[in-house]
Amino acid sequence: METKTYVLFLFLLITILLNTINKTQARLHKNPSSSSSSFLVLTLTKSSVSLPTPKSQAQERIKKPLSSVDVVMEPLREVRDGYLITLNIGTPPQAVQVYMDTGSDLTWVPCGNLSFDCIDCNDLKSNNLKSSSIFSPLHSSSSFRASCASSFCAEIHSSDNPFDPCAIAGCSVSMLLKSTCIRPCPSFAYTYGEGGLVSGILTRDILKARTRDVPRFSFGCVTSTYHEPIGIAGFGRGLLSLPSQLGFLEKGFSHCFLPFKFVNNPNISSPLILGASALSINLTDSLQFTPMLNTPVYPNSYYIGLESITIGTNITPTQVPLTLRQFDSQGNGGMLVDSGTTYTHLPNPFYSQLLTILQSTITYPRATETESRTGFDLCYKVPCPNNNLTSLENDVMMVFPSITFNFLNNATLLLPQGNSFYAMSAPSDGSVVQCLLFQNMEDGNYGPAGVFGSFQQQNVKVVYDLEKERIGFQAMDCVLEAASHGLNQGS
């Protein structure tokens, strides 16, 4: 790493550690754009063999509209803590696996010819993360640095990000970015929740799919990060996002996340569909849609309103605070739909009220040692005859009360089996410890009031209808959904 870049990165790191960064404020940028009638089918995989310790938790339009119907199947592998998508970038193409993240816009890849420097990542790095997941621009004949005249350059140097090098230097982004500017786009810094930080340069290269190429794709070529060991494909509504650059933001996309138990199965992947096919009438008729909430403060994110949560079948729904249903005058509030956050977060005192209701209906002994070790709030020691976890999973709705989310517009989602309580380890001595995988929303006064995480989206088809600005949910067996797209090779 060059000395100047390293000094800048350390300065940014020190600055970030001295400030509390709100997860959503750090992630969001601007403007949805682009269109197409085509669609893509990509495959996702759930990472992580074991549950991590919970965390409280970054265009020009396509010049020609995409005209052909493309179906792209990408081989994926497991890393950790999210759903991965494989990007094939460069000439010849280099395969890089990155997280799919609906909570941010920027697509970035670990970048470097010899090494990729990730500070404070020892507890996050996977043994399976090899050098093949690092992109080398010197080995791509089509790679070049973005110009400061690019609209992508203006987007990545957002004045909303106080840790951006341009913002720190006090330079005016609007003055820097002229149509006649021939200088390279300045280095950027992009921040995530919990102080996560990536630093790099905006790069253009070919993004290759099986049936076509996407020329001049803009992404972050990142050489230094703090607490971010793996790249990210941003699926937000901003100019830099992957759907935006592929031309699908005037249509939408859908996904169906496989549950945790398939993380070690190489024969099946979760389907991700981009374009009009994800919104066909036959598919959307059976979904329950809730409107997206729009705010000029966070225009690129997928916000919805939560009205209540029902515990069990005969209990009056627990009403949520107004902040989960709408934005306040500063644009804070609502529930963020975020595949980049593992567990659903809810604000206090509503979250504590929910825990109290669950405790009153569950009679199993508490596993307090597991709660202390993992950070989860409700863990129980559940009888597991013959140490057969499969049979227990089939009866989980009888073991624990059901949880139903009631969204705006009378859209309801009964969480599928296994999306609330999850086994922390294999059964032993005829019992197993299961924990509620929800968490308290910290710093709830800024950004979203709650987050709908990827764990609660497992075995749920989620459709992002960007044309009608709504999100649909339907509980289903994502194994069958994967098979319908040819992604189940026999499990």
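The rules behind each value
Residues numbered from 1 in each chain as written. Predicted model: local features only at pLDDT ≥ 70, side-chain atom pairs only at ≥ 80, totals over all residues. Heavy atoms only, no water. Helix = DSSP H or I, 4+ residues; strand = E, 2+ residues; numbered from the N terminus. Areas by Shrake-Rupley, 256 points an atom, 1.4 Å probe, with all protein chains shown as cover. Disulfide = S-S within 2.5 Å. Buried < 20%, exposed > 50% of the residue type's maximum accessible area, 1.4 Å probe, protein only. Pairing = 2+ DSSP bridges. Axes fitted to C-alpha atoms, helices over the stretch in contact; angles between N-to-C directions. Contact = heavy atoms within 4.5 Å. Polar contact = N/O pair within 3.5 Å; in protein donor to acceptor, adjacent residues only side chain to side chain. Phe/Tyr/Trp six-rings, centres within 6.5 Å; stacked < 30°, edge-to-face > 60°. Salt bridge = Lys/Arg side-chain N within 4 Å of Asp/Glu carboxyl O. pLDDT = per-residue confidence, 0-100. Expected span 1.5 Å × (residues − 1). Arc of directions from axis to C-beta.

1. Overview of the overall build of the protein
- A tally of helices and strands in the protein yields 12 helices and 27 strands.
- When the accessible surface of the protein is totalled, it reaches about 19,800 Å², and 52% of it is carbon and sulfur.

2. A look at the state of the cysteines
- The full count for this structure, using the stated rule, is four disulfides.
- Between the sulfur atoms of cysteine 153 and its disulfide partner cysteine 185 the distance amounts to 2.1 Å. Judged by the sign of its S-S torsion, about 90°, the cystine formed by cysteine 153 and cysteine 185 is right-handed. Taken together, the positions of cysteine 153 in helix α3 (residues 151-156) and cysteine 185 in the loop between α5 (173-176) and β7 (188-191) put the pair 32 residues apart, joining distant regions of the chain.
- Taking relative accessible area as the criterion, cysteine 153 reaches 0% and is therefore assigned buried.
- A relative accessible area of 0% means that cysteine 185 is categorised as buried.
- In this model, cysteine 379 is linked to cysteine 435 through a disulfide, with the two sulfur atoms separated by 1.9 Å. A torsion of 110° about the S-S bond marks the disulfide between cysteine 379 and cysteine 435 as right-handed.

3. Topic: the sheet that holds strand β23 (residues 431-436)
- In space, the three strands of this open sheet follow the order β19-β23-β22, with antiparallel pairing throughout. Only two strands of the sheet have a single neighbouring strand rather than two, namely β19 (379-383) and β22 (421-423). Neighbouring strand axes in the sheet, compared pairwise and without regard to direction, differ in orientation by 35° on average.
- Note that β19 and β23 share five bridges and pair antiparallel. Note that in β23 the partner of cysteine 379 across the bridge is cysteine 435.

4. A word on the environment of cysteine 111
- With respect to the helices, strands and loops of the structure, cysteine 111 is situated in the loop between β4 (108-110) and β5 (117-119).
- Given a relative accessible area of 2%, cysteine 111 falls into the buried group.
- A sequence separation of 24 residues divides cysteine 111 from phenylalanine 135, and the C-alpha atoms of the two residues are 4.7 Å apart.
- Each residue touching cysteine 111, except ones within four places of it in the same chain, is listed here: Phe116, Ile134, Phe135, Pro137, Cys221, Val222 and Thr223.

5. Overview of the side chain of threonine 374
- Structurally, threonine 374 can be placed in helix α9 (residues 368-374).
- What makes threonine 374 buried here is its relative accessible area of 9%.
- A polar side-chain atom of threonine 374 sits 2.8 Å from the main-chain carbonyl oxygen of threonine 370.
- Reaching out from threonine 374, the side chain makes a polar contact with the backbone nitrogen of phenylalanine 376 at a distance of 3.2 Å.

6. As for the packing of aromatic side chains
- Here the structure, examined in full by the defined rule, presents 25 aromatic pairs.
- With centroids separated by 3.9 Å and ring planes inclined at 5°, the aromatic side chains of phenylalanine 400 and phenylalanine 421 adopt a geometry described as stacked. One end of the pair, phenylalanine 400, is in the loop between α11 (396-399) and β20 (403-407); the other, phenylalanine 421, is in strand β22, and 21 residues separate them in sequence.
- A relative accessible area of 2% places phenylalanine 400 in the buried class.
- Residue classification places phenylalanine 421 among the buried residues on the basis of a relative accessible area of 1%.
- Plain terms: the ring middles of phenylalanine 405 and phenylalanine 438 are 6.2 Å apart, the flat faces sit at 10° to each other, and that makes the pair stacked. Note that phenylalanine 405 is positioned in strand β20 and phenylalanine 438 in strand β24 (residues 438-440), a separation of 33 residues in sequence. Both residues of the pair, phenylalanine 405 and phenylalanine 438, count as buried.
- Within the aromatic cluster, the residues linked to one another by ring pairs are Phe260, Tyr343, Phe376, Tyr422 and Phe455.

7. A closer look at the pattern of salt bridges
- Taken as a whole, this structure holds five salt bridges when the rule is applied.
- With a shortest N-O distance of 2.7 Å, arginine 366 and glutamate 371 are connected by a salt bridge.
- Arginine 366 gets classed as partly exposed once you look at its relative accessible area, which sits at 36%.
- Between arginine 470 and aspartate 465 there is a salt bridge whose closest N-O contact spans 2.9 Å.

8. Considerations on the pairing of strand β15 (residues 306-311)
- Among the six residues that make up β15, five are buried, leaving the element largely enclosed by the rest of the structure.
- One ladder, built from five bridges, connects β15 with β20; its direction is antiparallel. Looking at β20, one finds that isoleucine 309 is bridged to phenylalanine 405.
- When β15 meets strand β16 (residues 318-319), the two strands line up antiparallel, connected through two bridges. Each bridged residue has a counterpart across the sheet, and for isoleucine 309 the counterpart in β16 is threonine 318.

9. Things to note about the pairing of strand β2 (residues 83-89)
- With seven of seven residues buried, β2 is to be regarded as a mostly interior element.
- Going residue by residue along β2, you find Tyr83, Ile85, Leu87 and Ile89 tucked away on one face and Leu84, Thr86 and Asn88 tucked away on the opposite face as well.
- Count of turn residues in the β2/strand β3 (residues 94-101) antiparallel hairpin: four residues, of which glycine 90 carries a positive phi of about 100°.
- The sheet contact formed by β2 and strand β8 (residues 197-208) spans two bridges and is antiparallel. Bridged to asparagine 88 within β8 is lysine 208.

10. Describing the sheet that holds β20
- Taken in spatial order, the four strands line up as β16-β15-β20-β21 in an open sheet, and their pairing is antiparallel. At either margin of the open sheet sits one strand with a lone partner, and together these are β16 and β21 (411-414).

11. Regarding the confidence of the model for the protein
- Mean pLDDT over the protein: 78, with 72% of residues reaching 70 or higher.
- Strand β14 (residues 303-304) holds the highest mean pLDDT among the elements of the protein, 98, whereas helix α2 (residues 23-27) holds the lowest, 34.
- A low-confidence stretch, residues 1-8 stays under pLDDT 50, and its non-local contacts, those more than four residues away or across chains, total five contacts.
- Segment residues 14-39 is flagged for pLDDT under 50; beyond a separation of four residues in sequence, or across chains, it makes 109 contacts in the model.

12. Quick look at helix α8 (residues 350-361)
- Given a rise of 1.5 Å per residue, 12 residues ought to cover 16 Å, and the 17 Å separating the end C-alpha atoms of α8 matches this to within 8%.
- Turning to α8, its buried residues are Phe350, Tyr351, Leu354, Leu355, Ile357 and Leu358. One side of α8 carries all its buried residues, which in axial view fall inside an arc of 160°. Within α8, the exposed residues directed more than 90 degrees away from the buried face are Thr356 and Ser360.

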